Amino acid sequence: MGILNVTPDSFSDGGRFEHLDAALQGARKMLAEGADVIDVGGESTRPGAQSVAVAGELDRVIPVIEAINSELSVSISIDTSKPEVMEAAVDAGASMINDVMALRAEGAMETARDLQVPVCLMHMQGLPRTMQKDPRYKDVVSEVREFLLQRIDACVSAGMDEGKIIIDPGFGFGKTLGHNLTLLANLGVLVRTGFPVLAGLSRKSMIASMLDRAVDSRVAASAALALIAVQKGAAMVRVHDVAETADALNVAARVAAAVEDASE
Ligand code: 7PJ
């Protein structure tokens, strides 16, 4: 899954077109590099980020989704917590919902159920603005697992198809470096629920905590973390650097195939 963050549009038509063109270019590049899904997001959920209004988010993401849908043959995921955005995005061609709030916003669960597309439910402790203040857990792995199982239960009770649910531990969302490492080391606990697991580790600050790297110098570490997540059973990884991640995953797959051959 390649990440496509849509920046705020300028008011002039020229600016609007340039943003749309840049987004389309980004999607084209990630598709050529091996992405199966493009995750389009119009609201930053980074630590400390402020929320945007529905109209602003629609303005940013809908033209981009329409453009990708009409030009490229790739699945589109909409990264949002707002039911209005989910609905408009699917109408414009998105075929998956990625919700860092795990459908806890008012009306989101009913909307996602009615849209009948796959949904990624992510764990987050607290809210983006304050979640990194002092995150605490007694047992981070079992608490994240419990939360996700409860959200799955709520979705299934609301009438959602169990087969459309994907789960995500939410690396960096109300978690210290220690919490993130424990979750990654124990990703198998989530994989064993039987639901596909998505992992988002790309360029995250946990890398800076380990290596002291600026955002654009976290590519190699991100590819390594994506590979580890896949080796632990993740079904999908959400990444900025598609080409580099695909290289890492592809060579690992070739080695795994050789190991298989040798044991026959
Ligand atoms: C994630 C996400 C993640 C899912 C972001 C960033 C922060 N969605 N959206 N999982 N992270 N499902 O990319 O640094 O980890 S935004």
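This one's a predicted model, so the numbers in the text were calculated from it and none came from an experiment.

Analysis parameters
- Residues numbered from 1 in each chain as written.
- Predicted model: local features only at pLDDT ≥ 70, side-chain atom pairs only at ≥ 80, totals over all residues.
- Heavy atoms only, no water.
- Near = heavy atom within 4 Å.
- Polar contact = N/O pair within 3.5 Å; in protein donor to acceptor, adjacent residues only side chain to side chain.
- Areas by Shrake-Rupley, 256 points an atom, 1.4 Å probe, with all protein chains shown as cover.
- Pairing = 2+ DSSP bridges.
- Helix = DSSP H or I, 4+ residues; strand = E, 2+ residues; numbered from the N terminus.
- Axes fitted to C-alpha atoms, helices over the stretch in contact; angles between N-to-C directions.
- Patch = residues over 30% accessible without salt bridge, like charges linked within 9 Å, V, L, I, M, F, W, Y side chains within 5 Å.
- Salt bridge = Lys/Arg side-chain N within 4 Å of Asp/Glu carboxyl O.
- Lys, Arg positive; Asp, Glu negative; His and termini not counted.
- Charge placed at Lys NZ, Arg CZ, Asp CG, Glu CD.
- Buried < 20%, exposed > 50% of the residue type's maximum accessible area, 1.4 Å probe, protein only.
- Right-handed = clockwise from strand over helix to strand, strands pointing away.

A. The arrangement of the site of the ligand in detail. Taken together, 13 residues are adjacent to the ligand, and Thr 45, Asn 98, Asp 168, Lys 204 and Arg 238 come closest. The separation between a nitrogen atom of the ligand and a polar side-chain atom of Asn 98 is 2.7 Å. A distance of 2.6 Å is found between an oxygen atom of the ligand and a side-chain nitrogen or oxygen belonging to Lys 204. For the ligand, whose unbound accessible area comes to 390 Å², protein coverage reaches 94%.

B. Representation of the sheet that holds strand β3 (residues 75–79) in the model. One open sheet accounts for 6 strands, arranged β1-β2-β3-β4-β5-β6; its pairing is parallel. Taken across any chain shown, the strands that pair with only one partner, and hence form the sheet edges, are β1 (2–5) and β6 (165–168). Between one strand axis and the next, the sheet turns through 25° on average, direction left out of account. One ladder, built from 5 bridges, connects strand β2 (residues 37–41) with β3; its direction is parallel. For Val 40, the partnering residue across the bridge sits in β3 and is Ile 78.

C. Structural detail: a negative patch on the surface. On the surface, Glu 66, Glu 84, Glu 87 and Asp 91 cluster together into a negatively charged patch. If you tally residues by element for the negative patch, the top one is helix α3 (residues 83–92), at 3 residues. For Glu 84, a relative accessible area of 42% puts it in the partly exposed group.

D. Region of the structure containing the pairing of strand β5 (residues 119–122). Along β5, one buried face is formed by Val 119 and Leu 121 and the opposite face, lined by Cys 120 and Met 122, is buried too. Sheet topology note: the strand β4 (residues 96–99)/β5 ladder contains 3 bridges and is parallel. Its bridge partner being in β5, Asn 98 is matched across the sheet by Cys 120. Taken together, β4, helix α4 (residues 108–115) and β5 constitute a β-α-β crossover, and its handedness is right-handed. Judged from the 4 bridges that link them, β5 and β6 form a sheet pairing that is parallel. Each bridged residue has a counterpart across the sheet, and for Leu 121 the counterpart in β6 is Ile 167. In this region the chain leaves β5, passes through helix α5 (residues 140–157) and returns to the parallel neighbour β6; the handedness of that crossover is right-handed.

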